[in-house]
Amino acid sequence: MGRQTHNRLVQRSSISAQTRASGSSHGEQRTPGRTHGGVSEEWLVRHLRPRGDRHFVSRFGLSVSSEPLSLNVSISSAQQRLHLQWSVHNLTHPELKMAFQIEISRIKKSNVIWVENYSTTVQQNQTLHWTWESELPLECATHFVRIRGKEDDTWAAQQRVWSSWSSWVKVDAQSLLGQGPPHIFPIDKLVEEGSNVTICYVSRHNESNVSCLLHGQRIPREQLDTHVSVFTLTNVSFISTWGSNLYCENDPDIITGAEPGTVLFVSKVLEEPKGFSCETRDFGTLNCTWDPGSDTDVWKYPSQRYALFESFSGKKKSCEQKNWCTWQVAQDSQMYNFTLIAENYFRKRSVNLLFNLAHRVHPMTPFNVLFESVSTTNATMTWKVHSLGNFSTFLCQVELHGEGRAIQQHNASSQVDGQYFFSGLAPATEYAARVRCAAKHFWKWSEWAGQNFSTLQAAPSKAPDVWRSVRSTLGSCNVTLFWKPLSKSQAHGEVLFYSVATENQDRLSSSKLFSIPAPANGTELSLDGCSHQIRVTASNGAGASPESVMVIAGDPGNPEVKEERIRGTEDGVSMSWKPPAGDVIGYVVDWCDGPQELSCDLQWENLGPNATSTVISSDAFRPGVRYNFRIYGISPERTAYLLARKTGYSQELAPANNPRVYISNLTLHSFTLSWTDYATDSQPGFIQGYRVYLRSKEEQCPPGFTKAVLPDNSVCCKHDIDNPEQKTFVVENLQPGSFYEFLVTPRTRAGEGPAHPFGKVTTREQHAHALIRIILPMVFLLLLLTVLCYVKSQWMKETCYPDIPDPYKSSVLSLLKPKENAHLTIMSAHDCIPDKLEVVNKPEGIKAQFPGARKSLAETDCTKHDYIYLLPTEKSSAGPGPGICFENLTYNQAAPDAGFCGPVPAPHTAPPGLGDLLTAPGNLLRSLEPSYMNSPGETPAGETTLNYVSQVASPTSGHKDSPPTNSLELAPCSEYRMQMAVPLGLASPSPNENRSLSSMSLLDPGEHRG
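Residues numbered from 1 in each chain as written. Predicted model: local features only at pLDDT ≥ 70, side-chain atom pairs only at ≥ 80, totals over all residues. Heavy atoms only, no water.

1. Remarks on the overall build of the chain
Logical step 1: Helices and strands together make up the secondary structure of the chain, namely 6 helices and 66 strands.
Logical step 2: Out of the 1010 residues belonging to the chain, those deemed buried represent 43%.
Logical step 3: Put simply, of all contacts in the chain between residues at least 6 apart along the chain, 69% involve residues at least 24 apart.
Logical step 4: If you sum the accessible surface of the chain, you get close to 54,500 Å²; carbon and sulfur atoms cover 51% of it. (Helix = DSSP H or I, 4+ residues; strand = E, 2+ residues; numbered from the N terminus. Buried < 20%, exposed > 50% of the residue type's maximum accessible area, 1.4 Å probe, protein only. Contact = heavy atoms within 4.5 Å. Areas by Shrake-Rupley, 256 points an atom, 1.4 Å probe, with all protein chains shown as cover.)

2. A few points about the pattern of salt bridges
Logical step 1: On inspection of all chains with the given rule, the structure shows 25 salt bridges.
Logical step 2: Between arginine 691 and glutamate 752 there is a salt bridge whose closest N-O contact spans 2.9 Å. Taken together, the residues span a long stretch of sequence, with arginine 691 in strand β52 (residues 689-696) and glutamate 752 in strand β57 (residues 751-752) at a distance of 61 residues.
Logical step 3: Residue arginine 691 is classed as buried on the basis of its relative accessible area, which comes to 15%.
Logical step 4: A relative accessible area of 26% means that glutamate 752 is categorised as partly exposed.
Logical step 5: Residue glutamate 741 is joined to arginine 695 by a salt bridge in which the shortest nitrogen-to-oxygen separation is 3.2 Å. You can see glutamate 741 sitting in strand β56 (residues 739-748) and its partner arginine 695 sitting in strand β52, a full 46 residues away along the chain. Here glutamate 741 matches arginine 695 in class, with each residue buried.
Logical step 6: Each of Asp295, Asp297 and Lys322 takes part in salt bridges that share partners, so that together they form one network. (Salt bridge = Lys/Arg side-chain N within 4 Å of Asp/Glu carboxyl O.)

3. Some remarks on the packing of aromatic side chains
Logical step 1: Taken as a whole, this structure holds 30 aromatic pairs when the rule is applied.
Logical step 2: Seen from their ring centres, tyrosine 336 and phenylalanine 338 are 5.8 Å apart, and the 0 degrees between their planes marks the pair as stacked. Like tyrosine 336, the residue phenylalanine 338 is buried in the burial classification.
Logical step 3: For the pair tryptophan 483 and tyrosine 498, a centre-to-centre distance of 5.0 Å together with 40 degrees between the ring planes defines the contact as tilted. In this pair, tryptophan 483 is assigned in strand β36 (residues 476-484) and tyrosine 498 in strand β37 (residues 497-504), connecting sequence segments 15 residues apart. Side by side, tryptophan 483 and tyrosine 498 carry an identical accessibility label, which is buried.
Logical step 4: Each member of the aromatic cluster is reached from another via a ring pair, and the members are Trp242, Phe265, Trp299 and Tyr301. (Phe/Tyr/Trp six-rings, centres within 6.5 Å; stacked < 30°, edge-to-face > 60°.)

4. Things to note about a nonpolar patch on the surface
Logical step 1: Together, Leu771, Ile774, Ile775, Met778, Val779 and Leu783 line one region of the surface with nonpolar side chains, adding up to about 560 Å² of accessible area.
Logical step 2: Positionally, isoleucine 775 belongs in helix α3 (residues 768-791). (Patch = residues over 30% accessible without salt bridge, like charges linked within 9 Å, V, L, I, M, F, W, Y side chains within 5 Å.)

5. As for the side chain of threonine 296
Logical step 1: Looking at the element boundaries, threonine 296 is found in the loop between β22 (285-291) and β23 (305-310).
Logical step 2: Among all residues touching threonine 296, those that are not within four sequence positions of it are Ser267, Lys268, Val269, Leu270, Gln304 and Asn344.

Right, dumping it as structure tokens:
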């Protein structure tokens, strides 16, 4: 088949999309019609050609070619393509170049959507092919196709005109769908990212409310006809290799889950391979690699593939991988010209590479890397390289690494066997050496091959850095030695121990040697005398270091050296000093955190003899911490003496706390503030002074104060004290009786203390002195009265509220006859004549306790009381007279229950069996004595207790033997009697017993009223 050309004219319909047409060749664009003298060829063919004739010659002399015959159209639904086949009969030559024009219509014949001009060389009885791809699925609409042709040879004497059109061929894919449910086309469509996609919804019923969704977003809709809706997606983007679900629904508000749908697969755009390169490692195989870019494969459509084509040999190989491929090297081939072809369903890309095989050699990794003749400072490294036949010379690169970095790098030319000698190494140090090689025509280095090795130990090269702290006590010195560990480059191996030798300068024969195991960094020595030479060395497995020598000549402290303040900077603490008058071989600056104490972590720094200033910096410095520095000069005799003292902060901070302020000397117009216990040395900065704040409701500042605004935007008055030693301040010129708030804050270079809390004070009022003059005498008088009352308390008690008489102190005791036991002073029942007895009945089983518990009458029970009234004697029966008073000390257990008891008038009828008892007082007393003499601890159950009821008076009327008719009345006491108890089972005395006794009347227990 000869050369073919395509010329297309697209007439846009309402469906806007990209359409493809393909034949067997390419050509130039043309329009569907040409004119001859103002008359178009189509008009000539249509009007001058007799009907039914296939060939004719117009009167204008134009030869009309034959009409194409046997036009067949087939459908590829999955690819949305129409395949056209046709043949041309009655060719004027065996081989003729012809042009064909193809028209495609949609829905109706007059709606032409595509016009294609196609040129090719035609032979006798040849079947021609052409393919057209539709942007709209073929099932969505009916298509019509027709074709015409003409001769198109350039050697023809005259131009040919178009033949007549072939008959329309109808392509109706909808007829294959049947009467089933609605369909969506295309099915599982694969498109390229950035392209446009047209989806159609086909139903056998009229559907006017159909919507389709992709990722939840509705797609714009266009009604193609009553049965078909078209949805167009523009510039689709890649979402997932698994595709995206697209579904349609009749009612947008109801989703049933059974709606028709399809899967849209979007492939990324195929990229041109990047970094295409080929190399060999053994002159037998070429390894080609490249960067494929984005993977365009999606599930169900893996179409991305690569192939190598070598133009000199004409060979082609499909690659199994997407980023590398191998090619076998020919024995006699040195030049190669490769084309890497990348293609997928949509695109095809390619890149070229031309090279000489000798310039693309990548040697393999060296092997057998060894070290020989390793000493303290030298080592020899050897290695081998894989042979490459005639290419046996290599350029190798050697690197030596120490402490994680490259310290040496060298290039060496070698054959198959290579070596390199390392020198200038550090003893007892671990190194890592490695080597890589490249071919003579450098292309790439091989991979690194390496090995670790260590040099041998050597004796330490430097003396330890030693310092000391000296304390002199009574002719001896306590020396604390400190030394810093040697660095790795100085130790030349692991330090095993430190040797400390001391020698008395006064007695040279007196020396001592101490061995301190590592990793100790100090020791304490107690020296006899303060003139010693101390030598310190560090030892490892290979030997000892040089000596560090110092001379102790007593405490180097100098009390005349004043302490000076220094300031810290961003670089550290800066200090300077004056050089001494004598010679020095160097200086030492030492310091520690806080005061110089035994627990101090002593640090020091050695300086040269010409130094007069330095900046001390340390990672241990902390802001707000005061450090004390001492500067020593070192004499040629290795003796240290103090030159200067410095104190300062690496960084000062504002005080964190304010001083505790006390108020004194409060007057009408002033008060004094003091904070004498505030420690300035322990603050996070040098105290430069203080600031006194004063706040009042009037917001008026006294003289010497100025207005100030606190961080909380409150307004107050302030006064600055610039002397840090002043810790008292008198606030003057205040208003009497006014309320003030005050605050004292310390100041440093970094700022002042917190602006809280404020103290409170109120000045004295003006009439306070007058009040004091009145109140003080009154207070004095009250105190005097209190003292007098206290002194005369006994007299006041006896006068105002006397105590109940004590029977032990009663004068009636003097009237009684002395007993056998003269020391007993309590009256017995024989010595007393009772005036009244109270009989208390207790139920069975209850015992009354009398261990000295003295219940008041208000706490006794009044139930079942029997009263016995003892009348006055005959001598006093004429009228009322003094009675006999008793103090209830012995029997103060009236009743088991609380209640008020008192004498109750009762008939003067004696109980049966007691008449004789009343006429015989002696019998009564003898009968009462056993009861009286009972233990006061308890009363037997079922007995009746007799209680004395207060003082009684004589009856005012009646017979002397008759009981009183009126209630008893109290009368003044004339004498005291002892209370006695009468048991219930009291027996009657004998009738012959007749003694003088006052008349007596007893109440019957049944007549008692509560």
